[in-house]
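Fold and geometry: a report
So you can see what is in the structure, the chains are spelled out below.
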Amino acid sequence: MVSKRELVQIDEFLWEIPKGYRPDMRVPARVYASEALLDAILGDKSIEQLVNVATLPGIQKYALAMPDIHQGYGFPIGGVAATAWPDGVISPGGIGYDINCGVRLLASELDEEEVRPYLDDLATCLYQYCPSGVGRGGHYPLNNAELERVAVEGARWCLKKGMAREEDLERTEEGGRLSGADPAHVSPQARKRGRQQLGTLGAGNHFLEVDVVREVYYPEAADAFGLRVGQVVVLIHCGSRGFGHQIATDYIREFQRAVHTYGIVLPDRELVCAPLDTPEGERYLAAMRCAANFAFANRQVLAHQVRRAFEDVLGCHGLPFDLVQVYDLAHNIGKVEWHDVNGVRRQVCVHRKGATRSFGPGHPDVPAAYRHVGQPVLVPGSMGTASYVLVGTEGAMVATFGSSCHGAGRQMSRRKAKKSIKGATLRGQLEAQGIVVRAGSMKGLAEEAPFAYKDVEAVVDVVEAAGVARKVVRVEPIAVIKG
Amino acid sequence: MAHRKSPFFEELSHTADVAVRVRGRSLPELFEHAALAMFQLIAGGELERVPPLHEREVGVASLDLESLLVDWLTELLVLFATTGELVCRARVTALEETRLRASVWTGPPPFEPYEDIKAVTYHDLRVEQDEEGTWWATIVFDV
């Protein structure tokens, strides 16, 4: 385990493990954290995993960790690594099994008081319209040809089906569609797993929340995003379901051979990788983009279902039920982007594993309506606490390959969380706080207890102080829907 | 939780995911136990309630012994994901370093499956035999 003595403090919120810490490191590793968060981070193997990331061939500048870093498999969750394009490597483990797991935020015109009287019905309707739970299928089964279209077109596929608006796509990372997706590189097993799962939340830490904006920190950005105090909003957190899980599994298996072919030596088999410009690297990139597109479409279908639920429950009471998309962004993804690397502008493959894009004002990839303030960064907290909307900064472009944190970050194992509280007790506590809960599994609910996570406020305070994102608003839940 | 009392595996502490340590008196038994451990997690400790209705033949070939364990479990996970049935009994009929054949019995769970295992990982993966001849495997699942 790495000890605090071995870290060099760069400034108040930035710590470095020098390249000399281990002979196989190609670059230093850097962690964004307050001293208190760092103490918690050093309690598991996450820093050791970050050091492993620093050994990847072609890695540029630093292996980076956001303050919500915690132990994963292979890469730590909260890790960012940029590799040289096209001769550096791509590592499926650096993107994760849940390819394009991400978050979408929808804003209503309603105030909390208007929704409260119908909140129980709304939560029940959302639970019915947005299927959740282990292996649960959705309302939109796909045949093979349709699945391929989803894989290529992403959220844009939903436009033709009447489940998306042009403005939803404009306000989604990459317009809801990564180019270069090729279903020819997706296995029959992945197709089989994906076919029934479009428009489903899944289980684990995935959720759908009805929230209320409680505080505005940066009025100009809040105005641009259409957010104000007291407003009801909806957060959707999920990914590419079995389709993405199987694509990652297939390529992590294939890359076990590729590392031998290309003579790559790694400290952990889960980090297997292949150079981007090899047939293996190109195939994975094309398949991974299919999964990413499936996830964009998945959240788009869920957004459509959420809109239906709002209309069905609130429309008959004469309330304005429409929901406008604020943003949708990925937090498990690999993207080819332009960045400054030691003074040279070049393309790199940015792996974000439990980390988000955080592009600053003026960047052409930020939606036109937000370009003067920067890209929205959505940071869901733990259930029952708070979530944040941040905005990307120029600082992130300089220091973190345009990346920021993705959530609160676990600090307690799921097993310990289950031991500490019963699901029914937790549900009672949340309801006493005025939060309506619809959950398929009480054990699953207990695993996601708020105390199992780091304090999300401490996490966003660090990224703000470090200058890689800026706080815009804080939202708090009034209804939680999960599997 | 019933599944933690199982004599052939234990859950290990892991911040975000689920790790298990499985044992077997022989290598085939280790592979059988690893499969049952994974399905006991998915079943939330209620695997005994799953009826063994369908017998299926499974064959896997891999790069090495550790990959074989990952591929075997992945094969069964895909079986669950695509049929909705849990594996409640497994018999490995042939096992070499890189090849395996087995019969598994599956059935629909009379309850809501509990653990959403996304994948079987290679992280911290170990297959080893101790001095007394017992085989041990450590497996981390992405959940």
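Structure's up top.
Note that the coordinates shown come from a computational prediction; the quantities given were computed from them, not determined experimentally. (Residues numbered from 1 in each chain as written. Chains lettered and ligands numbered in written order. Predicted model: local features only at pLDDT ≥ 70, side-chain atom pairs only at ≥ 80, totals over all residues. Heavy atoms only, no water.)

Now for the overall build of chain A. In terms of helices and strands, chain A carries 16 helices and 19 strands. Relative to the 2.2 N^0.38 estimate, which gives 23 Å for 483 residues, the radius of gyration of chain A is 21 Å and therefore close to what a compact globule would have. The C-alpha extent of chain A, read off along each of the three principal axes, is 65 × 50 × 45 Å. Taking all 483 residues of chain A together, 66% fall into the buried category. Put simply, 76% of the contacts in chain A that link residues at least 6 apart link residues at least 24 apart. In the form shown here, chain A has an accessible surface area of approximately 15500 Å², with 49% of it arising from carbon and sulfur atoms. Positive and negative charge centroids in chain A, built from 55 and 57 side chains respectively, lie 7 Å apart. (Helix = DSSP H or I, 4+ residues; strand = E, 2+ residues; numbered from the N terminus. Rg over C-alpha atoms; globule rule 2.2 N^0.38 Å. Buried < 20%, exposed > 50% of the residue type's maximum accessible area, 1.4 Å probe, protein only. Contact = heavy atoms within 4.5 Å. Areas by Shrake-Rupley, 256 points an atom, 1.4 Å probe, with all protein chains shown as cover. Lys, Arg positive; Asp, Glu negative; His and termini not counted. Charge placed at Lys NZ, Arg CZ, Asp CG, Glu CD.)

We now examine the overall build of chain B. Looking only at helices and strands, chain B has two helices and eight strands in total. The linear arrangement of helices and strands in chain B, starting from the amino end, is β-β-α-β-α-β-β-β-β-β. Over its C-alpha atoms chain B spans a radius of gyration of 14 Å, differing by no more than 12% from the 15 Å that the globule rule assigns to 143 residues. Taken along the three principal axes of its C-alpha coordinates, chain B extends 40 × 35 × 25 Å. Of all 143 residues assigned to chain B, the portion counted as buried reaches 62%. Contacts spanning at least 24 positions in sequence make up 66% of the contacts within chain B whose residues lie at least 6 apart. Surface accessibility of chain B: about 5600 Å² in total, with carbon and sulfur atoms responsible for 45%.

For the coordinates displayed, the defined rule picks out nine aromatic pairs over all chains. Ring geometry for F225 of chain A versus Y370 of chain A: centroids 4.8 Å apart, planes at 75 degrees, classification edge-to-face. On the criterion of sequence distance, the pair formed by F225 of chain A in helix 9 (residues 219–225) and Y370 of chain A in the loop between strand 14 (355–357) and strand 15 (376–379) is long-range, its members being 145 residues apart. Assessed through its relative accessible area of 0%, Y370 of chain A is described here as buried. Site record: aromatic cluster; members linked through ring pairs are Y251, F255 and Y284 of chain A. A cation sits over an aromatic face here: R89 of chain B above W105 of chain B, 5.8 Å from the ring centre. (Phe/Tyr/Trp six-rings, centres within 6.5 Å; stacked < 30°, edge-to-face > 60°. Lys NZ or Arg CZ within 6 Å of the ring centre and 35° of its normal.)

All names here are of chain A. Spatially, 1-2-3-4-5-13-12 is the arrangement adopted by the seven strands of the open sheet, whose pairing is mixed. Pairing within the sheet leaves two strands with one partner each, and these edge strands are strand 1 (8–11) and strand 12 (332–341). On average, adjacent strands in this sheet sit at an angle of 25 degrees to one another, irrespective of strand direction. Strand contacts of helix 2 (residues 46–53): strand 2 (14–17), strand 3 (29–32), strand 4 (63–70) and strand 5 (77–84), with the helix running at about 160 degrees to strand 4, the strand carrying the most contacts. (Pairing = 2+ DSSP bridges. Axes fitted to C-alpha atoms, helices over the stretch in contact; angles between N-to-C directions.)

Turning next to the pattern of salt bridges. Residues and elements named next belong to chain A. Here the structure, examined in full by the defined rule, presents 43 salt bridges over all chains. R104 serves as the salt-bridge partner of D328, at 2.7 Å between the closest nitrogen and oxygen. Here the residue D328 occupies a position in strand 11 (residues 323–330), and R104 occupies one in strand 7 (residues 102–111), the gap between them amounting to 224 residues. Neither residue differs from the other here; D328 and R104 are each classed as buried. In this structure, R410 engages E448 in a salt bridge whose closest nitrogen and oxygen atoms are separated by 3.4 Å. Highlighted residues: R410 in the loop between strand 17 (403–405) and helix 13 (414–420) and E448 in the loop between helix 15 (442–447) and helix 16 (456–465), separated in sequence by 38 residues. Judged by relative accessible area, which is 4%, R410 ranks as buried. Each of E112, R116, R214, E215, R474 and E476 takes part in salt bridges that share partners, so that together they form one network. (Salt bridge = Lys/Arg side-chain N within 4 Å of Asp/Glu carboxyl O.)

Take helix 10 (residues 241–261) of chain A next. Residue and element names in this part refer to chain A. Taking 1.5 Å of rise per residue, 21 residues should cover 30 Å, and helix 10 covers 31 Å from first to last C-alpha, within 8% of that figure. A bend of about 30 degrees at F255 is the largest found in helix 10. In terms of burial, helix 10 is a largely internal element, 16 of the 21 residues being buried. Directly beyond the C-terminal end of helix 10, a positive phi value near 60 degrees is found at G263. (Expected span 1.5 Å × (residues − 1). Bend = angle between axes of the 7 residues up to and from the residue.)

For the rest of this paragraph, the subject is the sheet that holds strand 5 (residues 99–107) of chain B. Residues and elements named next belong to chain B. Strand order across the open sheet formed by three strands is 3-5-4, with antiparallel pairing between neighbours. Taken across any chain shown, the strands that pair with only one partner, and hence form the sheet edges, are strand 3 (54–61) and strand 4 (86–96). With direction set aside, neighbouring strand axes in the sheet form an average angle of 20 degrees. Sheet analysis places strand 3 next to strand 5, joined by eight bridges and oriented antiparallel. Directly across from V58, in strand 5, lies its bridge partner A102.

Before going further, it helps to spend a moment on the packing of helix 5 (residues 144–153) of chain A against helix 11 (residues 279–314) of chain A. All names here are of chain A. Where helix 5 contacts helix 11, the axes come no closer than 6 Å and their chain directions differ by 95 degrees. Taken together, the axes of helix 5 and helix 11 lie roughly perpendicular to each other. Here helix 5 contributes L147, V150, A151 and V152 to the contact with helix 11, which in turn contributes R289, C290, N293, F294 and A297. Grouping the amino acids of the contact of helix 5 with helix 11 by side-chain chemistry returns seven nonpolar, one polar and one charged. (Parallel < 35°, antiparallel > 145°, perpendicular 65-115°, else oblique. Nonpolar A, V, L, I, M, F, W, Y, C, P; charged D, E, K, R; others polar.)

Time to look at unusual backbone geometry. Residues and elements named next belong to chain A. Here the residue pair W85 and P86 is connected by a cis peptide bond, since its omega of 5 degrees sits within 30 degrees of zero. Inspection of the secondary structure assignment puts P86 in the loop between strand 5 and strand 6 (89–90). The backbone phi angle of E174 is positive, close to 60 degrees, even though this residue is not glycine. You can see E174 is positioned in the loop between helix 7 (166–170) and helix 8 (188–194).

Let's shift gears to the environment of T400 of chain A. All names here are of chain A. Checked against the element boundaries, T400 lands in the loop between helix 12 (394–399) and strand 17. Linking T400 and A81, residues 319 residues apart in sequence, is a C-alpha distance of 9.0 Å. Among all residues touching T400, those that are not within four sequence positions of it are Y32, L64, M66, V80, G395 and V468.

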